[in-house]
Every structure is written in structure tokens, then in C-alpha cells.
Amino acid sequence: YVAVQRRRSQVVPGGARFVRAGQRPTFSFHWLMLKAVLRLHSVAAASYAVVLLFFPRLFWQLTAKDTATDFGLSVAQLLGAPMVLMTLITWIASGLSDAKAQRQIGLAVAAYLGTGFVVTLWQQLQGKWGVGGWSSPVSYLLFFSLYAIALFRKPAPSSPHSLAGT
């Protein structure tokens, strides 16, 4: 939404500024993009968490080549716990008003995603997973790419009437 007031210096939550009546506001998507990526990642991580915690055999059947063992299913369930953590971290970070903190969390998550991509791709290329196993490296690479775009885009040039703040 765009709020129009007579005072240009009034700031609303989220860093938006009111602009003078009759002036066209500008808007930077830099912070919005990172927030959207964090929220989208949170939803994806929650989906993986639910499947790993409550349906590990289904995950195994979709991704693995060999048959599931009790130990393998236990490890798959155990991997659901970090997915819950990732869900919470990304959701909480998406709501931060401190852009620097949000960016730092985004960089840390991107490092995790890059590592996850390398590990899952290596395992897939070694033939340890089935055809469905490609979903993991593809997911890691997709989200790593989204974070890279969001974190390394140049913000729009600021103007005195920018809604993005300072």
C-alpha cells in the first residue's frame, strides 16, 4: 500500500515513508525480495520437516535406491529436526525489521544451501540415490540461487521520497 500524507518524514513500520500529496513514490524491491525468499524457504523447509518426521518411509521410497532399514528411517526422521530449525530461522528472519540482521541470516542460510547442494549432488552422482533423489540437489540449488539473487542485487537508488527507507 502507499500512504500519502502532507509530511514526507513520517515513517511507518517496514521502513515505508509517507510522501507529499501529488508526488509519485518510488519503491525498492531489494528488501522485499529477501523477505519473500525467506518466507518461501520457510514453507519448503516445513514441508520437508513434516515428510521427514512423520513419513520417513515415503521420503525413502521417493529418493533412495535401496530398501529402507530401521536405522536409515531413524536417521531420516532425525534429519527432520534441522528442517524444523530451518523453518523457524527463515520465518523469524523474514519478519525482522533490521535489514542488516536479515541479510546476515540470509548469507548464513545461503552457505548452508551451497553446502547441501554440493553434498547431495556428490551423493547423487555416486549413484547412492534413485531418480527421485535429484529433488534434493535441485531444491538446494534453486534456493541457493534465489538467495544469491536477493542478496547480491543492487538496491534501487534512493530518492528523497523512497518508500524503502534510508
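Residues numbered from 1 in each chain as written. Predicted model: local features only at pLDDT ≥ 70, side-chain atom pairs only at ≥ 80, totals over all residues. Heavy atoms only, no water.

Our focus in this paragraph is the packing of helix 5 (residues 99-125) against helix 6 (residues 135-152). Axis angle and axis distance: for two packed helices, these are the angle between their axes and the distance between the axes, and together they describe the pair. Closest axis-to-axis distance for the helix 5/helix 6 pair is 8 Å, and the angle between their directions is 150°. Considering the angle they form, helix 5 stands roughly antiparallel to helix 6. Classified by chirality, the crossing of helix 6 by helix 5 is left-handed. Every residue of helix 6 that contacts helix 5 at Arg103, Gly106, Leu107, Val109, Ala110, Tyr112, Leu113, Gly114, Gly116, Phe117, Thr120 and Leu121 is listed here: Ser136, Pro137, Tyr140, Leu141, Phe143, Phe144, Tyr147, Leu151 and Phe152. Its residues assigned to classes, the contact of helix 5 with helix 6 comprises 15 nonpolar, five polar and one charged. (Axes fitted to C-alpha atoms, helices over the stretch in contact; angles between N-to-C directions. Helix = DSSP H or I, 4+ residues; strand = E, 2+ residues; numbered from the N terminus. Parallel < 35°, antiparallel > 145°, perpendicular 65-115°, else oblique. Left-handed = near helix turned anticlockwise from the far one by under 90°. Contact = heavy atoms within 4.5 Å. Nonpolar A, V, L, I, M, F, W, Y, C, P; charged D, E, K, R; others polar.)

Another point: a nonpolar patch on the surface. On the surface, a nonpolar cluster with roughly 510 Å² of combined accessible area is contributed by Val50, Phe54, Phe55, Leu58 and Leu62. Structurally, Phe54 can be placed in helix 1 (residues 30-54). (Patch = residues over 30% accessible without salt bridge, like charges linked within 9 Å, V, L, I, M, F, W, Y side chains within 5 Å. Areas by Shrake-Rupley, 256 points an atom, 1.4 Å probe, with all protein chains shown as cover. Salt bridge = Lys/Arg side-chain N within 4 Å of Asp/Glu carboxyl O.)

Moving on, we come to the side chain of Thr120. Following the sequence through the fold, Thr120 ends up in helix 5. Here Phe117 takes part through its backbone oxygen, which lies 3.3 Å from a polar atom of the side chain of Thr120. When residues no more than four places from it in sequence are discounted, the contact partners of Thr120 are Trp129, Ser136, Pro137 and Tyr140. (Polar contact = N/O pair within 3.5 Å; in protein donor to acceptor, adjacent residues only side chain to side chain.)

The next point concerns the confidence of the model for the protein. In low-pLDDT regions, the fine details of the predicted coordinates are not to be read closely. Mean pLDDT over the protein works out to 82, with 73% of the residues at or above the 70 mark. In the model of the protein, helix 1 stands out as the element of lowest mean pLDDT, 90, in contrast to helix 4 (residues 80-94), which has the highest, 96. In this model, residues 1-9 is a region of pLDDT below 50 whose contacts with residues beyond four sequence positions or in other chains number 22 contacts. Note on residues 159-166: pLDDT is under 50 here. Beyond four places in sequence and across chains, it has 22 contacts. (pLDDT = per-residue confidence, 0-100.)

Attention now moves to the nonpolar core. The biggest cluster of nonpolar side chains holds 15 residues, and the ones touching the most others in it are Leu34, Leu38, Val109, Leu113, Tyr147 and Leu151. Mapped by element, the contributors of at least two residues to this core are helix 1, helix 4, helix 5 and helix 6. Not counting residues within four places of it along the chain, the set of residues in contact with Leu34 comprises Gln102, Arg103, Tyr147, Ala150 and Leu151. Leu52, Phe59, Ala76 and Met83 belong to the second-largest nonpolar core, a separate cluster that totals five residues. (Core = buried A, V, L, I, M, F, W, Y, C linked by side-chain atoms within 4.5 Å. Buried < 20%, exposed > 50% of the residue type's maximum accessible area, 1.4 Å probe, protein only.)

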